[in-house]
Amino acid sequence: MTAHITVGGTDLVQERRLVTGIPGPRSREILERKEAAVARSVGHTLPIVADVAGGGTLLDVDGNSFIDLGSGIAVTSVGNSNPRVVRAVRDQLDRFTHTAFTVVPYESYIAVAEKLNQITPGDFTKRTALFNSGSEAVENAVKIARHATGRQAIVAFEHSFHGRTNLAMALTAKSAPYKQGFGPFAPEIYRVSGSYPYRDGGLTGQEAARRAIEHIENELGSQSVAAIIIEPIQGEGGFIVPAEGFLSTLREWTECNGIVFIADEIQSGFARTGMWFAVDHEGVVPDLITMAKGIAGGLPLSAVTGRAELMDAAQVGGLGGTYGGNPLACAAALATIESYEEDGLLERARRIGDILTDRFTELQRADPRIGQVRGRGAMIAIELVDPDTLSPDPALTSKVVKYAHQNGVILLACGTYGNVIRFLPPLTIEDPLLHEGIGIVADGLARS
Ligand code: PLZ
């Protein structure tokens, strides 16, 4: 029997259903207005316009129902318009929408901080500061690390993505489309190789970490480094899971050298991988963690949580922002975290990961263009390659992704070489829908 959920009074059947060509006439009309009104450089992946979304589906304005395998880039992990989140935000809306926490504080911000201090790894005393976007959290983590250490250099990694603001853009590896034409970039950012097991000739985690450390010691000197910032699983760069031991070796070295270890868990965090944070899989304890995306069920909120002595180092008034930790977003975050805990969503992420991994590993046996199936929990990807040379195949990737879009599946690509398909379903998606979505991707591969 097909499941139904109700979102804002709309009966949202949990099924894939196309009633027009894609895009339908209403979407087409609105997207024409987009072209005339919105800056061209703000692109979009699917040529449809959203109407209602929840569970594992998104309904467009023409009545087409899509299977959601993207969660708005790993954001709506608790499902779009999750009932707990809607209720909490609505209650807050009726009381006040803003005071500026730095003018008049409110309890929900403090409760979010308490909760984040509790669920992030590390049994030391922690503090938290809230912001609006992932980029802003990254910027603030760097401010905090520089202030606390009195050092300036920040080390980032190949294939990294840390955001689009000036400093975050400087930390991001890939030029087009993120950086091209947008310089000059923030100074004192250095990039070293990370660990990309599929493409770095089988280096072990320790070897890849030693390579990075030697590079830093030779070219920078460890004493000038304030922090390293690393995505424990690289997101936009291609869902790259570093070889085991890479993160822990770096962690050990930073600890010995007074360098702040910043884990950017903006994409990999918040139950996505089946644990609260991706570092938890390896028992690595960062000094600072940046969080956003899955933290607040779709409302804009980000956070930096970390060691109290680092977080408290800067002068009062040194961190802040008009909207950081907005009361609606804080209410949403508390309800979102409750949903992860009460609705068994961490376990659900692991189960989704098993389904995706099993199905694609099976497909890979018959189709060597699937070079690798990788990831953790509900953060799984396939890297598509030329089977003879293993060189990246972005053309195939884009064909499969387009096929999925035309056939009612929201699917995202990623990867430095544009040849990775990533799966980030909401954790509320049901098995039959997930299987159907995978089937469409398999069809797309078979036909391309
Ligand atoms: N750090 C690890 O994944 C955002 C970017 C989409 P913001 N990733 C999605 C796009 O095209 O801009 C991200 C991330 C990691 C930082 C960020 C930045 O987060 O909320 O987009 O600023």
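Our subject is the structure that appears above.
Procedures and definitions
Residues numbered from 1 in each chain as written. Predicted model: local features only at pLDDT ≥ 70, side-chain atom pairs only at ≥ 80, totals over all residues. Heavy atoms only, no water. Helix = DSSP H or I, 4+ residues; strand = E, 2+ residues; numbered from the N terminus. Near = heavy atom within 4 Å. Polar contact = N/O pair within 3.5 Å; in protein donor to acceptor, adjacent residues only side chain to side chain. Areas by Shrake-Rupley, 256 points an atom, 1.4 Å probe, with all protein chains shown as cover. Nonpolar A, V, L, I, M, F, W, Y, C, P; charged D, E, K, R; others polar. 1 Å grid on protein atoms, 1.4 Å probe; cavity = no way out; pocket = protein on both sides within 12 Å on 5 of 7 lines; lining within 4 Å. Points joined across faces, edges and corners; volume = space filled by probe spheres on them. Buried < 20%, exposed > 50% of the residue type's maximum accessible area, 1.4 Å probe, protein only. Pairing = 2+ DSSP bridges.

1. Points about unusual backbone geometry
- Across the junction of Ala 176 and Pro 177, the peptide omega takes the value 0 degrees, indicating a cis bond.
- By the secondary structure assignment, Pro 177 is in the loop between α6 (166-171) and β8 (189-192).
- Of the consecutive residues Gly 183 and Pro 184, the connecting peptide bond is found in the cis state with omega at 5 degrees.
- Residue position: Pro 184 is located in the loop between α6 and β8.
- Its identity is not glycine, yet Ile 73 carries a phi of approximately 60 degrees, on the positive side.
- Among the structural elements, Ile 73 can be located in helix α2 (residues 71-74).
- Unusually for a residue other than glycine, Ala 271 sits at a positive phi of about 75 degrees.

2. Structural notes on the site of the ligand
- Neighbouring residues of the ligand: 14 residues in total, closest Gly 134, Ser 135, Arg 164, Asp 264 and Gln 267.
- For the ligand, a nitrogen atom lies 2.7 Å from a polar atom in the side chain of Asp 264.
- Measuring from an oxygen atom of the ligand, one finds a side-chain N or O atom of Gln 267 at 2.9 Å.
- Coverage of the ligand by the protein chains reaches 83% of its 510 Å² of free accessible surface.
- For the shell around the ligand, a count of residues per class yields three nonpolar, six polar and five charged.

3. Let's talk about empty space enclosed by the protein
- Applying the stated criterion to the full structure yields two cavities of 30 Å³ or more.
- In this structure, the largest cavity spans a volume of roughly 60 Å³.
- Looking at the largest cavity, the residues that line it are Phe 157, Gly 194, Ser 195, Ile 230, Glu 231, Gln 234, Ile 240, Pro 242 and Phe 246.
- Of the residues assigned to the lining of the largest cavity, the class counts are five nonpolar, three polar and one charged.
- For the second largest cavity, the calculated volume is near 40 Å³.
- Residue composition of the lining of the second largest cavity, by class: six nonpolar, no polar and two charged.

4. Regarding the pairing of strand β12 (residues 302-307)
- Most of β12 is tucked away, with five of its six residues classed as buried.
- As paired strands, strand β6 (residues 126-131) and β12 are joined by six bridges and run antiparallel to one another. Bridging across to β12, Lys 126 finds its partner in Arg 307.
- Summarising the sheet, strand β11 (residues 288-291) and β12 pair through four bridges and their orientation is antiparallel.

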